Amino acid sequence: MNKNIIKYIVFSTPILLIIIFYQVYLNVGTVHNFFSPMNSILVEGNSTTEMVLEFDSIFWDKAIVNDANNEGVVLVEVENLDGKAIVSEVVQVGEFIELNQISRFQEYILKLTSFKSDMRVNIV
């Protein structure tokens, strides 16, 4: 074989692999959700939504985001399963809080309280 052809193949193979893996990441939901996990929760107006929270992957950023399109603040409370409060903060519109106080691979109770209309809250 010609040396130029071998150089072309050696040079282009990593570039093609990067493009292929990036397309798989973008277009295959299971792969995308594994590397970029996110939950979106709708908190109904003047109510509290309660759920079990577990960051079960190393790819979670451990943050709660109050969507920028919401009309008001959201009260975020995190408790361990024994009921001991770990976090209790008000998140302003378009801002987030980091949950560095909690451990990965452990279950917690998450309570989200909306004081106005329906609110969209993202867990990333």
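Residues numbered from 1 in each chain as written. Predicted model: local features only at pLDDT ≥ 70, side-chain atom pairs only at ≥ 80, totals over all residues. Heavy atoms only, no water.

A short note on the nonpolar core
Turning to step 1, where the next piece is worked out: If you look at the biggest cluster of nonpolar residues, it comprises 20 residues, and the most contacted ones within it are Ile 64, Val 76, Val 78, Leu 99, Leu 110, Leu 112 and Ile 123.
Turning to step 2, where the next piece is worked out: Not counting the four nearest positions on each side in its chain, Leu 110 is found in contact with Thr 49, Glu 50, Met 51, Leu 53, Ile 64, Val 76, Glu 77, Val 78 and Ile 123. (Core = buried A, V, L, I, M, F, W, Y, C linked by side-chain atoms within 4.5 Å. Buried < 20%, exposed > 50% of the residue type's maximum accessible area, 1.4 Å probe, protein only. Contact = heavy atoms within 4.5 Å.)

Description of the side chain of Ser 12
Turning to step 1, where the next piece is worked out: Assignment of secondary structure puts Ser 12 in helix H1 (residues 3-27).
Turning to step 2, where the next piece is worked out: In terms of polar contacts, Ser 12 uses its side chain to reach the backbone carbonyl oxygen of Tyr 8, at 2.8 Å. (Helix = DSSP H or I, 4+ residues; strand = E, 2+ residues; numbered from the N terminus. Polar contact = N/O pair within 3.5 Å; in protein donor to acceptor, adjacent residues only side chain to side chain.)

Examining the environment of Gly 83
Turning to step 1, where the next piece is worked out: With respect to the helices and strands, Gly 83 occurs in the loop between strand E4 (74-79) and strand E5 (85-91).
Turning to step 2, where the next piece is worked out: Using a relative accessible area of 43% as the deciding quantity, one classes Gly 83 as partly exposed.
Turning to step 3, where the next piece is worked out: For the pair Gly 83 and Tyr 108, spaced 25 residues apart in the sequence, the C-alpha separation amounts to 9.1 Å.

A look at the packing of aromatic side chains
To describe a pair of aromatic rings, you give the distance between the ring centres and the angle between the ring planes.
Turning to step 1, where the next piece is worked out: Per the counting criterion, the structure on display carries five aromatic pairs.
Turning to step 2, where the next piece is worked out: Residues Phe 34 and Phe 59 carry aromatic rings whose centres are separated by 5.3 Å and whose planes lie at 65° to one another, so their mutual orientation is edge-to-face. A residue pair is termed long-range when its members are at least 10 positions apart, and Phe 34 in helix H2 (residues 29-35) and Phe 59 in the loop between strand E2 (47-53) and strand E3 (63-66) qualify at 25 residues. (Phe/Tyr/Trp six-rings, centres within 6.5 Å; stacked < 30°, edge-to-face > 60°.)

Description of the sheet that holds strand E1 (residues 39-43)
Turning to step 1, where the next piece is worked out: In space, the four strands of this open sheet follow the order E1-E8-E3-E6, with antiparallel pairing throughout. For this open sheet the edge positions go to E1 and strand E6 (96-98), each flanked by a neighbour on one side alone. Averaged over all pairs of adjacent strands, the angle between strand axes in this sheet comes to 20°, irrespective of strand direction.
Turning to step 2, where the next piece is worked out: As paired elements, E1 and strand E8 (residues 119-123) share five bridges and run antiparallel to each other. For Val 43, the partnering residue across the bridge sits in E8 and is Met 119. (Pairing = 2+ DSSP bridges. Axes fitted to C-alpha atoms, helices over the stretch in contact; angles between N-to-C directions.)

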